[in-house]
Amino acid sequence: MTPRPRFPEVTGPLLSALIDRLDRAAPPPPQVSGFVLRFDGLTVETTGFPASPGTLCRIDTACGRSVEAETVGFREDRNLMFLTEPQAPIVAGARVRAIAGGAEVEVGDALLGRVIDARGDPLDGGPRPEGSGRWPLAGRLLNPLARQPVDRAMGSGLRVVDAALTLGEGQRIGIVAGSGVGKSVLIEMMARHSDAEVVVIALIGERAREVGHFARSLMSGAARDRTCLLAVPADRSPLLRLRGVRRAMSIAESFRAEGRRVLLVIDSLTRVAHAQREIGLALGEQPTAKGYPPSVVAMIPALLERAGPGLAGQGSITAICTVLADGDDTVGDPVVDTARAILDGHVVLSRRMTQMGLYPAVDLPQSVSRVMPDVTDTGHRQAALRLKTLVSSYMDNRDLVMMGGYVTGQDATLDEALRLWPRIRALIAQDRDEVSTLSGAQAALAALFAGEAAP
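Below is a short write-up of the structure. (Residues numbered from 1 in each chain as written. Predicted model: local features only at pLDDT ≥ 70, side-chain atom pairs only at ≥ 80, totals over all residues. Heavy atoms only, no water.)

On to the overall build of the protein. Looking only at helices and strands, the protein has 13 helices and 19 strands in total. Overall, the C-alpha framework of the protein stretches about 130 × 55 × 40 Å when taken along its three principal axes. Here the protein, with 455 residues, has 51% of them falling under the buried criterion. Of the contacts made within the protein by residues no fewer than 6 positions apart, 72% connect residues no fewer than 24 positions apart. (Helix = DSSP H or I, 4+ residues; strand = E, 2+ residues; numbered from the N terminus. Buried < 20%, exposed > 50% of the residue type's maximum accessible area, 1.4 Å probe, protein only. Contact = heavy atoms within 4.5 Å.)

Written out as structure tokens, the structure reads:
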């Protein structure tokens, strides 16, 4: 009979080391997958498998490589997904595998001075930035009563805005205008000359030429070290456009949590709404005003409410969002109306001002900053109101005066506007490379009316 082999008794430190090793060697998570059932060029229907909305997946293609998609919902016992690469060569029965990384994004100082896309991949030719932390793509909810108030003025870098539409740290404001009236130049000036410690710019749905211009302009000067530029050009899928703006918001939130004053620029909110409209209509939502489904109206407040001041000890996110007004219509567009209702003010750009050669073409009578009373004193507010009144009177009667139909002395306000117009024009006009400070703008406004008795 063969004797049984004897094994050394495992006790003491050796046993503890084995147990620790087993604890650390946890089994990998199970691989969940399915198969493609239907594909229409953008939307993919697959067999049902565990994947919540927001889960990223890889889909095999006929050319041997895989493409990325995001789970956006369910229909009966099928998963619904959107591709990041429309018109990919997908065939029926292709395998779909869930992957990690859809719910959080990398954040940290490594993103400053870099140009990235919606996936966090570099567009500037450098290595992929390795963040020092992670932040939820959907953000973290904050108690509205625990947020700090907006009670401190912030210099925007634009003299006319600082003088007559003073912004506050943590304010959310929209720039409303049609095409070709100087929105891009205006936000570039704000990004370059504002008082913010960190600037996060999201170019969503912009032309590739515009993206290249911003990258060359902002990422080559002194502003580079405090700027993160995220770009998703117009030829990318609607899914990437939405993920891009959410990634930019998450990056800004992480810097706010560190106690920094952040300027977030979204250009443009309208194209973000267009991306949500494409997804909503593809999922079967019924279009309402101007073809926008209800999900667009719900998405805009949910996105913009993530900006603003943080909790005690945190910083703030001052958000500037451009809103396109089709045909210069700033009233009937649902995106404009929804944004105006949730934002803390709006700056309207006037095509008539551009025709007069006035840049930035801010239409003061139609613009408003709702937090200005909380961040300025009484004297400044009275001077700003007087400036708006004079500009409104001049613009409304300019054609009449030019035709010789007005006689001096009929209207004291118009007489003052005509007398002060050269100085008002000098206050409003600002070259794109001219640096303006908050204190300098306030001093210029006070000097405009120095020695002038109010009517």
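We are not done yet, so read on.
A few words now on the pattern of salt bridges. Where charged atoms from two side chains of opposite charge come close, those side chains can pair. Across all of its chains, the model carries 32 salt bridges by this definition. Measuring nitrogen to oxygen at the nearest pair gives 3.1 Å for the salt bridge that ties arginine 75 to glutamate 45. Separated by 30 residues along the polypeptide, arginine 75 in strand E4 (residues 66-75) and glutamate 45 in strand E2 (residues 43-47) bring together distant segments of the chain. With a relative accessible area of 35%, arginine 75 lands in the partly exposed category. Across the salt bridge formed by arginine 352 and aspartate 399, the nearest N and O atoms sit 3.6 Å from each other. (Salt bridge = Lys/Arg side-chain N within 4 Å of Asp/Glu carboxyl O.)

Attention now goes to the packing of aromatic side chains. Counted by the stated rule, this structure contains 1 aromatic pair. Geometrically, the ring pair formed by tyrosine 394 and tryptophan 421 is stacked, given 3.9 Å between the ring centres and 10 degrees between the ring planes. With tyrosine 394 in helix H11 (residues 378-402) and tryptophan 421 in helix H12 (residues 412-428), this residue pair connects regions lying 27 residues apart in the sequence. Like tryptophan 421, tyrosine 394 is buried. The ring centre of tryptophan 135 lies 3.9 Å from the NZ or CZ of arginine 140, which sits over that ring. Above the plane of the ring of tyrosine 292 lies arginine 277, whose end atom (NZ or CZ) is 4.5 Å from the centre. (Phe/Tyr/Trp six-rings, centres within 6.5 Å; stacked < 30°, edge-to-face > 60°. Lys NZ or Arg CZ within 6 Å of the ring centre and 35° of its normal.)

It is worth spelling out the nonpolar core at this point. In this structure, Leu387 and Ile424 are the most contacted members of the largest nonpolar core, which totals 57 residues. Top contributing element to this core by residue count: H11, with 7 residues. Residue contacts for isoleucine 424: discarding those within four places in its chain leaves Leu387, Leu390, Val391 and Leu448. Counting residues in hydrophobic clusters, the runner-up holds 52 residues, among them Val107, Leu240, Ala248 and Ile266. (Core = buried A, V, L, I, M, F, W, Y, C linked by side-chain atoms within 4.5 Å.)

For the rest of this paragraph, the subject is the state of the cysteines. Inspection of every chain in the model, using the stated rule, returns 0 disulfides. Free cysteine: cysteine 63, not disulfide-bonded; nearest cysteine sulfur from cysteine 57 at 18 Å. (Disulfide = S-S within 2.5 Å.)

Another point: the sheet that holds E2. Read once around its circumference, the closed barrel built from 6 strands follows the order E1-E2-E5-E4-E3-E6, with strand pairing classed as antiparallel. On average, each strand axis in the sheet is inclined to that of its neighbour by 45 degrees, with strand direction left out of account. As defined by bridge partners, strand E3 (residues 56-60) adjoins E4 across 5 bridges and the pair is classed as antiparallel. What sits directly across from cysteine 57, in E4, is alanine 69. (Pairing = 2+ DSSP bridges. Axes fitted to C-alpha atoms, helices over the stretch in contact; angles between N-to-C directions.)

What follows deals with unusual backbone geometry. The bulk of non-glycine residues show a negative phi, and the bulk of peptide bonds are trans. Across the junction of aspartate 267 and serine 268, the peptide omega takes the value 5 degrees, indicating a cis bond. Although it is not a glycine, glutamate 76 sits at a positive phi angle of roughly 55 degrees. Owing to a relative accessible area of 77%, glutamate 76 belongs among the exposed residues under this scheme.

It is worth spelling out the side chain of glutamate 45 at this point. A residue is classified by how much of its surface remains accessible, and glutamate 45, at 5% relative accessible area, is buried. Setting aside its immediate chain neighbours within four residues, glutamate 45 contacts Phe35, Val36, Leu37, Arg38, Arg75, Arg78, Asn79 and Leu80.

Next up on the list: the pairing of strand E15 (residues 261-267). By the criterion of burial, E15 is predominantly enclosed, with 6 of the 7 residues buried. Sheet topology places strand E13 (residues 198-204) next to E15; 6 bridges connect them, and they run parallel. Counted as the bridge partner of alanine 202 is isoleucine 266 from E15.

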